[in-house]
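A closer look at the structure
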Amino acid sequence: MPKPNQTLGEFIIENQADFPGSSGELSRLINSIRLAAKVVNHEVNKAGLVDIIGAYGERNVQGEEQQKLDVMANKKFIQTLTNREIVCGIASEEEDDFIRIEGHNGDDKNKYVLLMDPLDGSSNIDVNVSVGTIFSIYQRVTPIGTPVQMEDFLQPGNKQVAAGYIIYGTSTMLVYTTGHGVNGFTLNPALGSWYLSHPNMKYPENGRIYSINEGNYVHFPQGVKDYIKYCQEEKDDRPYTSRYIGSMVSDIHRNMIKGGIFMYPQFSKAPSGKLRLLYECNPIAFITEQAGGKASDGFQRILDIVPNELHQRSPFFCGSKKMVEKAENFMRKSAERTDYQSFSFSSK
Ligand SMILES: O=P(O)(O)OC[C@H]1O[C@](O)(COP(=O)(O)O)[C@@H](O)[C@@H]1O
Ligand SMILES: [Mg+2]
Ligand SMILES: [Mg+2]
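In the annotation of an unreviewed UniProt entry, the entry for the protein chain reads Fructose-1,6-bisphosphatase class 1, and the organism field reads Christiangramia flava JLT2011. In its Sequence similarities (unreviewed entry) section, the UniProt record describing the protein chain reads: "Belongs to the FBPase class 1 family." UniProt, in the comment section headed Subcellular location (unreviewed entry), describes the protein chain in these words: "Cytoplasm".

Here we come to the overall build of the protein chain. Counting secondary structure elements, the protein chain contains seven helices and 15 strands. The globule rule puts the C-alpha radius of gyration for 348 residues at 20 Å, and the 20 Å found for the protein chain is close to it. For the C-alpha atoms alone, the extent of the protein chain along its principal axes is close to 70 × 45 × 40 Å. Residue burial in the protein chain is summarised as follows: out of 348 residues, 53% are buried. Taking contacts inside the protein chain between residues at least 6 apart in sequence as the whole, the part at least 24 apart equals 65%. Taken as a whole, the protein chain presents about 15100 Å² of accessible surface, with 51% of it coming from carbon and sulfur.

Glancing now at the coordination of the magnesium ion (ligand 2). Those protein atoms acting as donors to the magnesium ion (ligand 2) are Asp-117 (OD), Asp-120 (OD) and Glu-280 (OE), and they sit at 1.8 to 2.1 Å. Read in sequence order, the donor residues coordinating the magnesium ion (ligand 2) give the pattern D-x2-D-x159-E. The metal-metal distance between the magnesium ion (ligand 2) and the magnesium ion (ligand 3) is 3.7 Å, with Asp-117 coordinating both. In this pair, Asp-117 is assigned in strand β5 (residues 112–120) and Glu-280 in helix α6 (residues 277–290), connecting sequence segments 163 residues apart. Residue Asp-117 shares its accessibility class with Glu-280, and that shared class is buried.

Coordination of the magnesium ion (ligand 3) by the protein involves Glu-93 (OE), Asp-117 (OD) and Leu-119 (O), with metal-donor separations of 2.0 to 2.2 Å. Of note, the magnesium ion (ligand 3) draws all its donor residues from one chain, in the sequence arrangement E-x23-D-x1-L.

Partitioning the protein chain into domains gives domain 1 (8–198) and domain 2 (209–338). Using only C-alpha atoms to locate each centre, domain 1 and domain 2 end up separated by 24 Å. Contact residues are listed per partner, giving 50 residues for domain 1 and 31 residues for domain 2. When the area that domain 1 buries against domain 2 is broken down by residue, the three leading residues are Ile-134, Leu-154 and Tyr-165, summing to 20%. On inspection of domain 1 and its partner domain 2, the count reaches two salt bridges. In this structure, Arg-276 engages Glu-64 in a salt bridge whose closest nitrogen and oxygen atoms are separated by 3.2 Å. On the surface where domain 1 and domain 2 come into contact, there are 20 residue pairs in polar contact (both at pLDDT 80 or more). Those elements giving two or more residues to the side of domain 1 that touches domain 2 turn out to be β3 (89–92), β5, β6 (131–139), β7 (162–168) and β8 (172–177). At seven residues, the largest contribution of residues to the side of domain 1 that touches domain 2 is made by β6.

Tyr-165, Tyr-227, Met-256 and Phe-316 are the most contacted members of the largest nonpolar core, which totals 48 residues. Broken down by secondary-structure element, the contributors of at least two residues to this core are β7, β8, α4 (222–232), α5 (248–258), β13 (261–264), α6, β15 (316–319) and α7 (321–347). In terms of residue count, α6 provides more of this core than any other element does, six residues in total. If you count residues domain by domain, this core takes at least three from each of domain 1 (8–198) and domain 2 (209–338). Leu-81, Val-87, Ala-162 and Ile-166 belong to the second-largest nonpolar core, a separate cluster that totals 39 residues.

Moving on, we get to the UniProt feature "binding site: Mg(2+) 1" (unreviewed entry) in the protein chain. Taken from the UniProt record, the annotation "binding site: Mg(2+) 1" (unreviewed entry) applies to Glu-93, Asp-117 and Leu-119. The named residues occupy 27 residues along the chain; their greatest pairwise C-alpha distance, 8.8 Å, places them in one compact cluster. From the list above, the largest pocket is lined by Glu-93, Asp-117 and Leu-119. Relative to the elements of secondary structure, Glu-93 occurs in the loop between β3 and β4 (99–100). Glu-93 sits in the buried class, given a relative accessible area of 4%. Leave out the neighbours within four places in its chain, and Glu-93 touches Asn-60, Val-61, Gln-62, Glu-64, Met-116, Asp-117, Pro-118, Leu-119, Arg-276, Tyr-279 and His-311. The residues contacting Asp-117, other than those within four sequence positions of it, are Glu-93, Gly-132, Thr-133, Ile-134, Tyr-279 and Glu-280.

Definitions and limits used
- Residues numbered from 1 in each chain as written.
- Chains lettered and ligands numbered in written order.
- Predicted model: local features only at pLDDT ≥ 70, side-chain atom pairs only at ≥ 80, totals over all residues.
- Heavy atoms only, no water.
- UniProt positions renumbered as here; feature names shortened; annotations may be inferred.
- Helix = DSSP H or I, 4+ residues; strand = E, 2+ residues; numbered from the N terminus.
- Rg over C-alpha atoms; globule rule 2.2 N^0.38 Å.
- Buried < 20%, exposed > 50% of the residue type's maximum accessible area, 1.4 Å probe, protein only.
- Contact = heavy atoms within 4.5 Å.
- Areas by Shrake-Rupley, 256 points an atom, 1.4 Å probe, with all protein chains shown as cover.
- Donors = N, O, S within 2.8 Å, 3.2 Å for Na, K, Ca; no water.
- Domains from an automatic or database assignment.
- Buried area = accessible area lost by both parts, 1.4 Å probe.
- Salt bridge = Lys/Arg side-chain N within 4 Å of Asp/Glu carboxyl O.
- Polar contact = N/O pair within 3.5 Å; in protein donor to acceptor, adjacent residues only side chain to side chain.
- Core = buried A, V, L, I, M, F, W, Y, C linked by side-chain atoms within 4.5 Å.
- 1 Å grid on protein atoms, 1.4 Å probe; cavity = no way out; pocket = protein on both sides within 12 Å on 5 of 7 lines; lining within 4 Å.

Right under this line is the structure:
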């Protein structure tokens, strides 16, 4: 049972017991992430003082303008994990292809791959609003000792062995799961140590916060419009409160503590949604389910989606179980109506 104010280092050692016979490689990997997060936190906190905000001048594989902090965070995580020879491969939002990480003897001795969104909420960097880092860890499926392959990364989310996020906000927190519940650690900047501040995090089953970029309203599927109307209706415990930070990690973190739903659906300008399945939706969905919440693409469980591309996108509905179920009902009903209308139109 987690002890309040336990340090992350102590917690990792103590929870090694969750993995009888394990090599300790996953613990060392979490430890490396803990270190990289501190390095990035240090840079994020200086944003505005040093020349680290603004555009980097290049576009990533998704065609998005990279921010200097995107590139810095990407570099720091890759450097830290490479130096510690703790993964056999890394995939990142800021890298076109996956990176093979060889040991210093040129061997491929490690069994884990890491996928990451090094800086989440890039549009908020310059305006001093909280941003984050998201990571997802899998055991490779190709033999140890051979070069890592694309199939090691294109695994469904239900195969994750660990996932987490770091939030660089009013305080800096690392929240993660290894499939045994969700725990949150707060960095004490003076001591440089992470302390267990949020043991055993649980989503309230229901909530009163809905989180979506309503600026896209007219382009949303009818089911989403119906659900937003439902949230805004003067009835029972509604209307709900609308909150949207625009950094997914921060919106999700708030909803997990207070109860709520976060939605980034498909819409006419983004037919598959915006968020990336492998390093945004999957890790957040794993944490959400481990905290008693629910995550889907409006119809299917996110963790059961079988990926076929490294940077593929997915619609995302995530949060308190009852709220996500309600939103899914509206999506299903409107889909049935559309099917009926297209059927009745086609049969005429
Ligand atoms: O500005 P929009 O379209 O609402 O998008 C905001 C969403 O995009 C993101 O910023 C995408 O993540 P990145 O910043 O890592 O590219 C999410 O954090 C956020 O929820
Ligand atoms: Mg992101
Ligand atoms: Mg990003």
